[in-house]
There are 2 protein chains.
Amino acid sequence: MAFNGGSNEDEILINDDNDLPSILIHRNPAFNFLPLTNLLKNHFRLLDPHQSPDLPLHSFYSRHAHSVRALVIFGLCPVTEDTLRHLPSLKLVVGSSAGIDHVDLSACRLRGIAVTDAGKSFAEDVADFAVALLLDVLRQVSAADRYVRSGLWHSLGEYPLGSKIGGKKVGIVGLGRIGLEVAQRLSAFGCRVSYTSRKQKPSMLFPYFSNVCELATESDILIVCCSLTTETHHIVSKDVMKALGKKGVIINVGRGGLVDEQELVHFLTQGELGGAGLDVFENEPDVPKELYGLDNVVLSPHNAVTTQASIESLSLLVLENLKAFFSDKPLLSPVS
Amino acid sequence: MAFNGGSNEDEILINDDNDLPSILIHRNPAFNFLPLTNLLKNHFRLLDPHQSPDLPLHSFYSRHAHSVRALVIFGLCPVTEDTLRHLPSLKLVVGSSAGIDHVDLSACRLRGIAVTDAGKSFAEDVADFAVALLLDVLRQVSAADRYVRSGLWHSLGEYPLGSKIGGKKVGIVGLGRIGLEVAQRLSAFGCRVSYTSRKQKPSMLFPYFSNVCELATESDILIVCCSLTTETHHIVSKDVMKALGKKGVIINVGRGGLVDEQELVHFLTQGELGGAGLDVFENEPDVPKELYGLDNVVLSPHNAVTTQASIESLSLLVLENLKAFFSDKPLLSPVS
């Protein structure tokens, strides 16, 4: 439908029940989140500037932006100082991801805007995926699957030996919701778990290292699952990779920016690291092509969070956060 | 070295210390097991008919077979009634695998020949691999890795949703050493484990089904890890696949013959099963080519047992079984 200069409410509104509170959907035009839209539209008046691609954004803002009190982020669409400046009444940013490094938290704090994240919705799925990547790299599941599919088992015979899981020293970078779930799973495999985190968690029995380099020195495998912040950017640096050593393995289910990707590619292609399982990358969906040919690397398209169950669980959490906000109750998953 | 009709002791002997007890290495010519050979040769006089490809087998047998008291199987080389007939003094068959379906156990029993298997050597590694296959099929690790490597993330965007692990009903076919290790690992993921076995194990708290069809009806996933015997051949039949249902997943780390492979291919290609993770096949190394194009299937070249650690652990067990036999002590891993 083309912008016609007249009323265009129906072009930006998913529903038009004026009695319902208004919610702004904040997304990149290419990304939609239909299960969440379908759930929310029964409870809120949804404003989606990208609902009609022909409607200029300035037209939307001049009409609606002043009244928007709550915004829901679909995916990882950035919420910047500039976003907030256009929304003077905004009091709530509802994130739909575990990490909220795409939200300018300082700017939100200064304006008194509350922010929520995906809470525990993704923790189990991401932990499952981290373990899946670890098992895959050490036991060469994807590489062996390629070997069979290309007919090499028949022509070349036995596949090379994998590496035993039990007894491996696993260092978890960030023992939050996800890290803890990872630790519990790997303990059942007989791995020896230790961790680093902003501060030691007295309730945890796993050995704590205040420094990621020391953790790497004492580990066979690093699992990166902390939040991406200014402090954690490239927390897995060249020095950490050196400390991990030639047989070391890095699993990243956090954010691409937690690992110095250029160094990682160098270490892997030069045989200075044992392997990697990567669900996230610095410039998604770009993946360094140097990794495509490596059998000790498993590559995944930011998939750790995406199961039907986690999407349903997240959608309900977003709904409940919004309901809580509009009825002046405590938010369910506020970012501290 | 050619057979020259004269003495050929050095062609079949790995070492020639006549003071050491003799051991026959029983293997297919194409398969060798050097770490085990290197360990055993320090303790025994090793007779390997395939050491020199030019030496006729009948020549070996006429010279040595009558005196051989112990035989070590490398890999899955069959020990048949015919094998035993040629070795009248044989009293011990040492297997180097978890399953010993390649050994004619009845014939051994009749002749008073003891048989040993790999004991616990492989249980943890095989269990790890079974879980790796399960995680891979449900969370689509190998398929997503292919997606990234072929550049499709960039061109097609998000990969389809996977399936949550927690809460899944997992039926274990054979709660032996391997099955129990699988159960312990999957419990840490929040799976609901039940099992079938020759008989109920009173010490186990997991629900028991006497019938594999009933187990399949109550399960989302079947993990096949029992021994292959006349009774368990094709234990996962067409009826079991039907009972498991369209979303059902089969993981096989036991033996190819436990699953009716022709039916499995039919069910998978027709969309009558949700997926499969297969480490073993009915006619290895032949893998049904119809499976090569399926993204809900993970294929592995009988790799579940092969880690450096399990090979070392097995080699020591074989050595200790042989030492026990020659000093009249109890065997460490006798097959009952």
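Here is what the cut-offs are and how they apply
Residues numbered from 1 in each chain as written. Chains lettered and ligands numbered in written order. Predicted model: local features only at pLDDT ≥ 70, side-chain atom pairs only at ≥ 80, totals over all residues. Heavy atoms only, no water. UniProt positions renumbered as here; feature names shortened; annotations may be inferred. Helix = DSSP H or I, 4+ residues; strand = E, 2+ residues; numbered from the N terminus. Contact = heavy atoms within 4.5 Å. Buried area = accessible area lost by both parts, 1.4 Å probe. Salt bridge = Lys/Arg side-chain N within 4 Å of Asp/Glu carboxyl O. Polar contact = N/O pair within 3.5 Å; in protein donor to acceptor, adjacent residues only side chain to side chain. Least-squares fit on C-alpha atoms with pLDDT ≥ 70 in both. Buried < 20%, exposed > 50% of the residue type's maximum accessible area, 1.4 Å probe, protein only. Domains from an automatic or database assignment. Expected span 1.5 Å × (residues − 1). Axes fitted to C-alpha atoms, helices over the stretch in contact; angles between N-to-C directions. Parallel < 35°, antiparallel > 145°, perpendicular 65-115°, else oblique. Left-handed = near helix turned anticlockwise from the far one by under 90°.

Draft legend 1. The UniProt feature "domain: D-isomer specific 2-hydroxyacid dehydrogenase NAD-binding" (unreviewed entry) in chain A, seen in detail. Within this numbering scheme, the UniProt entry marks residues 131-304 of chain A as carrying the feature "domain: D-isomer specific 2-hydroxyacid dehydrogenase NAD-binding" (unreviewed entry). Taken end to end, residues 131-304 of chain A has its terminal C-alpha atoms 10 Å apart, with 33% of it in helix and 14% in strand.

Draft legend 2. Quick peek at the interface of chain B and chain A. The interface is formed by 57 residues belonging to chain B together with 57 residues belonging to chain A. Here chain B packs against chain A, burying approximately 4,900 Å² in sum over the two surfaces, 60% of which is carbon and sulfur. Counting the surface chain B buries against chain A, the share from its top three residues, B:Arg139, B:Arg149 and B:Trp153, is 18%. For the interface between chain B and chain A, the tally reads six salt bridges. Taking the shortest distance from any N to any O, the salt bridge between B:Asp145 and A:Arg146 comes out at 2.9 Å. There are 29 residue pairs in polar contact (both at pLDDT 80 or more) connecting chain B and chain A. Among the elements of the structure, α6 (123-139), α7 (141-149), α8 (152-156), α9 (177-187), β11 (297-299) and α13 (308-326) of chain B are those that each provide at least two residues to the side of chain B that touches chain A. Here the side of chain B that touches chain A takes ten residues from α6(B), the largest share from any one element.

Draft legend 3. Structural detail: the environment of A:Thr269. Residues and elements named next belong to chain A. Mapped onto the secondary structure, Thr269 falls in helix α12 (residues 261-269). Along the chain, Thr269 and Leu314 lie 45 residues apart, while their C-alpha atoms are 38 Å from each other. When neighbours within four sequence positions are excluded, Thr269 is seen to be in contact with Glu290 and Leu294. One polar contact links the side chain of Thr269 to the main-chain carbonyl oxygen of Val265, over a distance of 2.7 Å. Of note is the side chain of Thr269, whose polar atom sits 3.2 Å from the backbone oxygen of His266.

Draft legend 4. Representation of the relation of the copies chain B and chain A in the model. Once chain B is rotated about the relating axis by 180° and shifted along it by 0.0 Å, it coincides with chain A to within an RMSD of 0.0 Å. Read as a symmetry element, the transformation amounts to a two-fold axis. Among all residues of chain B, the one whose C-alpha sits closest to the rotation axis is B:Ser142, at a distance of 2.4 Å. When you check the interface residues of chain B against chain A, 100% turn up at the interface there too, and the contact is symmetric in its surfaces.

Draft legend 5. Looking closely at the pattern of salt bridges. According to the stated counting rule, one finds 22 salt bridges over all chains in the structure shown. A salt bridge links B:Asp128 to B:Arg185; its shortest N-O distance comes to 2.6 Å. In this pair, B:Asp128 is assigned in helix α6 and B:Arg185 in helix α9, connecting sequence segments 57 residues apart. Of the two residues, B:Asp128 and B:Arg185, both sit in the buried class. Each member of the salt-bridge network shares a partner with another, and the members are A:Asp145, A:Arg149, B:Arg146 and B:Asp295.

Draft legend 6. Structural context of the side chain of A:Ser219. All names here are of chain A. Inspection of the secondary structure puts Ser219 in the loop between α10 (212-217) and β8 (221-224). For Ser219, a relative accessible area of 5% puts it in the buried group. For Ser219, the side chain forms a polar contact with the main-chain nitrogen of Gly171, separated by 3.4 Å. Each residue touching Ser219, except ones within four places of it in the same chain, is listed here: Lys169, Val170, Gly171, Ser194 and Leu244.

Draft legend 7. Local environment of the domain arrangement of chain A. All names here are of chain A. Along its sequence, chain A is carved into domain 1 (22-118 + 308-327) and domain 2 (122-299). Here domain 1 and domain 2 have C-alpha centroids that lie 32 Å from each other. Taking both sides of the interface into account, the surface hidden between domain 1 and domain 2 amounts to around 690 Å²; carbon and sulfur atoms contribute 54%. When the buried area of domain 1 at its contact with domain 2 is split by residue, Ala98, Asp101 and Ser310 rank highest and sum to 55% of it.

Draft legend 8. Structural context of helix α6 (residues 123-139) of chain A. Here α6(A) contains 17 residues, and its C-alpha end-to-end distance of 24 Å stays within 8% of the 24 Å for a straight helix at 1.5 Å per residue. The positive-phi residue at the C-terminal boundary of α6(A) is A:Gln140, with phi of around 60°.

Draft legend 9. Just the environment of B:Ile172, in detail. Residue and element names in this part refer to chain B. Inspection of the secondary structure puts Ile172 in strand β6 (residues 169-173). Sequence-wise, Ile172 and Phe206 are 34 residues apart; in three dimensions their C-alpha atoms are separated by 10.0 Å. Look past the residues within four positions of Ile172 in its chain and what remains in contact with it is Gly179, Val182, Ala183, Val193, Ser194, Tyr195, Thr196, Leu215, Ile223 and Cys225.

Draft legend 10. Region of the structure containing the UniProt feature "domain: D-isomer specific 2-hydroxyacid dehydrogenase catalytic" (unreviewed entry) in chain A. Look at the UniProt record and you will see "domain: D-isomer specific 2-hydroxyacid dehydrogenase catalytic" (unreviewed entry) annotated at residues 64-335 of chain A. As a span, residues 64-335 of chain A carries 35% helix and 13% strand, and end to end its C-alpha atoms are 26 Å apart.

Draft legend 11. The packing of α6(B) against α9(B), seen in detail. Residue and element names in this part refer to chain B. Where α6 meets α9, the axes come as close as 8 Å, and the angle between the chain directions of the two elements is 50°. By the angle between their axes, α6 is oblique relative to α9. At the point where α6 passes α9, the crossing takes the right-handed sense. Facing Ala123, Glu124, Val126, Ala127, Asp128, Ala130, Val131 and Leu134 of α6, the residues of α9 in contact are Arg177, Ile178, Glu181, Val182, Arg185 and Leu186.

Draft legend 12. Highlighting the side chain of A:Asp48. Residue and element names in this part refer to chain A. You can see Asp48 is positioned in the loop between β2 (45-47) and α3 (57-64). Of the polar contacts made by the side chain of Asp48, one reaches the side chain of Arg27; its length is 3.0 Å. A distance of 2.9 Å separates a polar atom in the side chain of Asp48 from the backbone nitrogen of His50.

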